[in-house]
Amino acid sequence: MSERDYPLTWKRPPQILTHRGWRWGLQIGFAIWLVLALSTLDPNWTRIADGWERGMRFVYGFIQPNFSSRWRDISNGLVESLTMTLTSTVAGIVISVPIGIGAARNVGPAWIYYICRSIIAMSRALQEIIVAIFFVAMFGFGPFAGFLTLTFATIGFLSKLLAEDIEDIDEAQAEAIRATGASWWQVIGYAIQPQVMPRLIGLSLYRLDINFRESAVIGIVGAGGIGATLNTAIDRYEYDSAGAILLIIILLVMIAEYGSSYLRRFLQ
Amino acid sequence: MLEIRDLTKTYKTGDKALNNVSLSVPKGQVVGLIGPSGAGKSTLIRCINRLVEPTSGAITLSGRPLTGIGAGELRAMRRKIGMIFQEFALVERLTVMENVLSGRLGYVGFWRSYLRRFPAEDIQRAYRLLDRVGLMDQADKRADALSGGQRQRVGIARALAQEPELMLVDEPTASLDPKTSRQIMRLLIEICGERGLPAIVNIHDVPLAQQFMQRIVGLRAGRIVFDGTPAELTEAVLTKIYGAEDWAAMRKGTEEDKAADADTLREMLRLGA
Amino acid sequence: MSERSFPAEWRRRTPRQSLAIWTLWFGLVALTVWCWQVMNENTIWAFVADAPRQAADIGSRMMPPRWSYLPELLWPLWDTINIATLGTILGVILAVPVAFLAARNTTPSLLFLRPAALFLIVASRSINSLIWALLLVAIMGPGLLAGVIAIGLRSIGFIGKLLYEAIEEVDAAAVEAVTATGASRAQILEYGIVPQVLPAFWGITVFRWDINIRESAILGLVGAGGLGLKLQGSLNVLAWPQVTMIMLVILATVVLSEWVSANVRSAII
């Protein structure tokens, strides 16, 4: 057998967009968009140059935070944030469980399914900040409005994931329990609850962490918590206090993250 | 010619995986390395291309040292050692061609490899190797679209693309069915024969080793306890390597495998290969 | 064989375990109640009682939405989408090196660079993009650029975390095989690791882009441009029908971006 002629070149075949026109079109379209988008940025360079010194002051504030001069405000804000976080998470879980069960396709009747799904959709579609604006307008300034906002957001998050978990359970186990002649409540208790409980605890801890982070934001629109303190500090150009608050938030989030991963391992 | 002298490997956990192992493999010889799991087979071949760093001892390939050299020299030496893996170890999301060309990475610069602009001779060699292992028309397929046997053929082509002076083969058939295992082993032996390549083959399947290897080395608890021809591999020797075991039952398994083998042969004749 | 006597009682947990679990639950409830009281020390319950009336009042003012306001919202909408997309691109550019420094199997230094990268990721994740925007507007003045940077800074943590976890999960055998060919470090990354994490990378990026669309819609509240700026203006003059219109636009954008992101992700995976 003589030596065959093998090709001397090889080109990697395109993997996702196999059509040449689409590939080019997409690339050119992206380039045009990028130019247009960057041109709308229109940065005000003199203003940015002015801000440079302030930016450096903020960096110094972050490196040398000042915990003491605004400590009363900071501690008040922290207490509000932390209490808001816990109460809203607990209230959110209590409300999410029935909604989550109702929103699982394999458990309840269709009309309950649609009601629960629309509650979830509404809660997820509305930004926390926008919800907070409304609650503040309705219930007045302070952590109570924040509590309601976070509870509302928790419902959308937990119910959706809980419903998905229930839909993903091992149907054979539920079948087996049903076959023993168990009632609807007994099926929930013996077949579904044991399967989704560890996940629910994990998700709740995760949501606790998110709620704390969010509690630092909604204060900006008047819903109480550390965010209000932060907003004031930035408005007054007290960057050392602002740095201190940000460091506290980062630290608490880190603690929450390590704590919840430890707790989850401990509970499983 | 591969020379290993007094190779010892102690892991951080304190486990002594290799204990004063000395071995030399002349050009063109295919050595089967057998032993129970945990005997240090995998550590031994990974010490040779220093994917595992040996604790002490010296290794030379064609007179050039593999131990005690810098990172750049090590890369240059690794190019000369082709390796074939148990689970194929292909980059699944790359095409077959890219997997074969990745055997040339030690020879080309980063930007060339990044832009997939390999020299023409590398491309030609890659096609020739794919043809040799029977995958000429699969070059543009993604590796994860292939069957197990085909993937191992790509693995062989990748190792050969390096133009190696030594082949290290780690359990090449552990993830394959008996029939494909034999096809792959036969291909490996043939290729090593064609090129006069020395090879060390880790193999857990004793009958397969006896059938294909010219020389067998038995490893137990990090020491060489047997070194001889397949014919010398008696039950007493096997007991020494593996501990007490019902060898008669295993031999019976061999009969079955022989039947599978005859089957393969028939099929190959039928296909006119 | 005689009949053995079997216990007539069975409990899932020992009394001690039950006690511990009940104590835990009781502690949690007590803590929640206590937090509730501390939180509501300054709550004016008269306002809360008044809330349903307030809600009805605002609700009646919000309807119907002011449709004629829509054309005025198109330009801010374009800005919002640009903030989100440019911010995502900025976030990706910054997050990719951080992720490679943070992943155990690719970091050049486990002792120094990895903890530094992990801290960067946590810091970025802890601070909401609205807070970043608040800071940046204070420093560099209002405008789209502050919004883009705020979104970018927040995205580092999200993309960085998910990406470094994906890098740590790559098939080590393939990386070993590429190493064994004598490839350099950069080549090992390009041939062994990048192809394996690429699908995860695109999925994470599109996912974050979807979240960024939501977040950029409100950044204007603190002066960083986009729809939020219009929202702030309308709220300030209590133009409720305009607020409704803005919320409808935001809602439509969010639904659309979620649809795009879900489709792109399922196409990749």
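Just so we're clear, the structure is a prediction, and the values are computed from it rather than from any experiment.

> Describe in detail the overall build of chain B, supporting the description with residues and values.
Across its full length, chain B carries ten helices and ten strands. Within the span of chain B, comprising 273 residues, buried residues form 53% of the whole. Taking as baseline every contact in chain B between residues at least 6 positions apart, the subset at least 24 positions apart corresponds to 68%. Carbon and sulfur atoms make up 50% of the accessible area of chain B, which amounts to about 11,600 Å² in all.

> Tell me about the interface of chain B and chain A, and name the residues and values.
Contact with chain B, which involves 15 residues of that partner, is made by ten residues of chain A. Here chain B is connected to chain A by one salt bridge. Applying the counting rule to chain B against chain A returns three residue pairs in polar contact (both at pLDDT 80 or more). At the level of elements, helix H3 (96–101) and helix H5 (120–132) of chain B are the ones that each hand at least two residues to the side of chain B that touches chain A. Sort the elements by how many residues they give to the side of chain B that touches chain A and H5 of chain B lands first, with six residues. Classifying every residue of the side of chain B that touches chain A by side-chain character gives seven nonpolar, two polar and six charged.

> Quick rundown of the UniProt feature "transmembrane region" (unreviewed entry) in chain A? Include the residues and the values.
The UniProt feature table records "transmembrane region" (unreviewed entry) at residues 21–41, 86–108, 129–158 and 242–263 of chain A. Secondary structure across residues 21–41 of chain A divides into 100% helix and 0% strand, with the first and last C-alpha atoms of the span separated by 30 Å.

> Just give me the short version of the UniProt feature "domain: ABC transmembrane type-1" (unreviewed entry) in chain A, but keep the residues and values in it.
UniProt's entry tags residues 78–260 of chain A with the feature "domain: ABC transmembrane type-1" (unreviewed entry), counted in the numbering of this structure. The span residues 78–260 of chain A shows a helical share of 84% and a strand share of 0%, and its end C-alpha atoms are spaced 20 Å apart.

> Give me the sheet that holds strand E5 (residues 64–65) of chain B: which residues, what numbers.
Residue and element names in this part refer to chain B. The four strands lie next to each other as E2-E1-E4-E5, forming an open sheet whose pairing is antiparallel. The open sheet has two edge strands, strand E2 (16–25) and E5, and neither has a second partner. Bridging between strand E1 (residues 2–10) and E2 involves six bridges; their strand directions are antiparallel. Following the sheet pairing, Ile4 is matched in E2 by Leu23. Each of E1, E2 and strand E4 (56–61) is contacted by helix H1 (residues 41–48), which is oriented at about 120° to E1, the strand it contacts most.

> If you had to explain the interface of chain A and chain C to someone new, which residues and values would you point to?
With 53 residues of chain A at the contact, the number on the chain C side is 57 residues. When chain A packs against chain C, the two sides together hide about 5,000 Å² of surface, and 79% of this comes from carbon and sulfur. One salt bridge in this structure joins Arg124 of chain A and Glu258 of chain C, with 3.5 Å as the shortest N-O distance. At the junction of chain A and chain C, the tally comes to four residue pairs in polar contact (both at pLDDT 80 or more). The biggest single contributor to the side of chain A that touches chain C is helix H1 (residues 20–41) of chain A, with eight residues. Tallied by class, residues from the side of chain A that touches chain C come to 38 nonpolar, eight polar and seven charged.

> Now, about a nonpolar patch on the surface: what can you tell me, with residues and values included?
All names here are of chain A. A cluster of nonpolar side chains, namely Trp52, Met56, Val59, Tyr60 and Ile63, defines an oily patch on the protein surface of about 560 Å² accessible area. Along the chain, the position of Met56 falls in helix H2 (residues 45–63). For Met56, a relative accessible area of 30% corresponds to the partly exposed category.

> Account for the packing of aromatic side chains, naming residues and giving values.
All chains considered together, the criterion is met by 14 aromatic pairs over all chains. Both rings, one in Tyr113 of chain A and one in Tyr114 of chain A, keep their centres 5.1 Å apart while their planes meet at 75°; by these two values the pair is edge-to-face. Looking at Tyr113 of chain A, the relative accessible area reads 12%, which means it is buried. With 5.7 Å between their ring centres and 65° between their planes, Phe158 of chain C and Phe207 of chain C make a pair best called edge-to-face.

> Mind laying out the confidence of the model for chain A, listing which residues take part and the relevant values?
Parts of the prediction with low pLDDT should not have their coordinates interpreted in detail. Per-residue confidence for chain A gives a mean pLDDT of 82, with 97% of residues at or over 70. Summarising per-element confidence for chain A, the mean pLDDT is lowest in helix H7 (residues 171–179) of chain A (76) and highest in helix H6 (residues 143–167) of chain A (87).

> Help me get a handle on the packing of helix H3 (residues 70–102) of chain C against helix H10 (residues 240–268) of chain C, residues and values and all.
The axes of two packed helices give the description: the angle between them and the distance between them. Residues and elements named next belong to chain C. At a minimum axis distance of 11 Å, the contact between H3 and H10 shows a crossing angle of 45°. Relative to H10, the element H3 is oriented oblique. As H3 packs across H10, the resulting crossing turns out to be right-handed. The residues of H10 that touch H3, namely those facing Leu70, Leu73 and Leu77, are Met245, Ile246, Val249 and Thr253. A per-class count over the contact of H3 with H10 returns six nonpolar, one polar and no charged.

> How would you explain the packing of helix H7 (residues 172–180) of chain C against helix H8 (residues 185–216) of chain C if you had to name every residue and give the values?
All names here are of chain C. One can describe the packing of H7 onto H8 by two numbers: an axis separation of 9 Å at closest approach and a directional angle of 160°. Considering their axes alone, H7 and H8 lie roughly antiparallel with respect to each other. Both H7 and H8 take part in a crossing whose hand is right-handed. Residue-level inspection shows Ala174, Val175, Val178 and Thr179 of H7 in contact with H8, the latter providing Gln187, Ile188, Tyr191, Gly192, Ile193 and Gln196. Of the residues assigned to the contact of H7 with H8, the class counts are six nonpolar, four polar and no charged.

> Kindly report on the sheet that holds strand E9 (residues 215–220) of chain B, identifying the contributing residues and their values.
All names here are of chain B. Strand order in this open sheet of six strands is E6-E7-E8-E3-E9-E10, and the pairing throughout is mixed. Every interior strand has two partners, whereas the edge strands, strand E6 (81–84) and strand E10 (223–228), have only one. On average, each strand axis in the sheet is inclined to that of its neighbour by 20°, with strand direction left out of account. Pairing between E9 and E10: five bridges, direction antiparallel. Across the sheet, the residue bridging to Leu219 is Ile224, located in E10. This element, helix H6 (residues 148–161), spans E6 and strand E7 (166–170) of the sheet and lies at about 170° to E6.

> Tell me what's going on with the nonpolar core, and back it up with residues and numbers.
Ile129, Phe134, Phe139, Leu246 and Ile249 of chain A together with Leu130 and Ile131 of chain C are the most contacted members of the largest nonpolar core, which totals 90 residues. Among the nonpolar cores identified, the runner-up in size contains 85 residues, and Leu129, Ile156 and Ala209 of chain B together with Val197 of chain C belong to it.

Calculation notes
Residues numbered from 1 in each chain as written. Chains lettered and ligands numbered in written order. Predicted model: local features only at pLDDT ≥ 70, side-chain atom pairs only at ≥ 80, totals over all residues. Heavy atoms only, no water. Helix = DSSP H or I, 4+ residues; strand = E, 2+ residues; numbered from the N terminus. Buried < 20%, exposed > 50% of the residue type's maximum accessible area, 1.4 Å probe, protein only. Contact = heavy atoms within 4.5 Å. Areas by Shrake-Rupley, 256 points an atom, 1.4 Å probe, with all protein chains shown as cover. Salt bridge = Lys/Arg side-chain N within 4 Å of Asp/Glu carboxyl O. Polar contact = N/O pair within 3.5 Å; in protein donor to acceptor, adjacent residues only side chain to side chain. Nonpolar A, V, L, I, M, F, W, Y, C, P; charged D, E, K, R; others polar. UniProt positions renumbered as here; feature names shortened; annotations may be inferred. Pairing = 2+ DSSP bridges. Axes fitted to C-alpha atoms, helices over the stretch in contact; angles between N-to-C directions. Buried area = accessible area lost by both parts, 1.4 Å probe. Patch = residues over 30% accessible without salt bridge, like charges linked within 9 Å, V, L, I, M, F, W, Y side chains within 5 Å. Phe/Tyr/Trp six-rings, centres within 6.5 Å; stacked < 30°, edge-to-face > 60°. pLDDT = per-residue confidence, 0-100. Parallel < 35°, antiparallel > 145°, perpendicular 65-115°, else oblique. Left-handed = near helix turned anticlockwise from the far one by under 90°. Core = buried A, V, L, I, M, F, W, Y, C linked by side-chain atoms within 4.5 Å.

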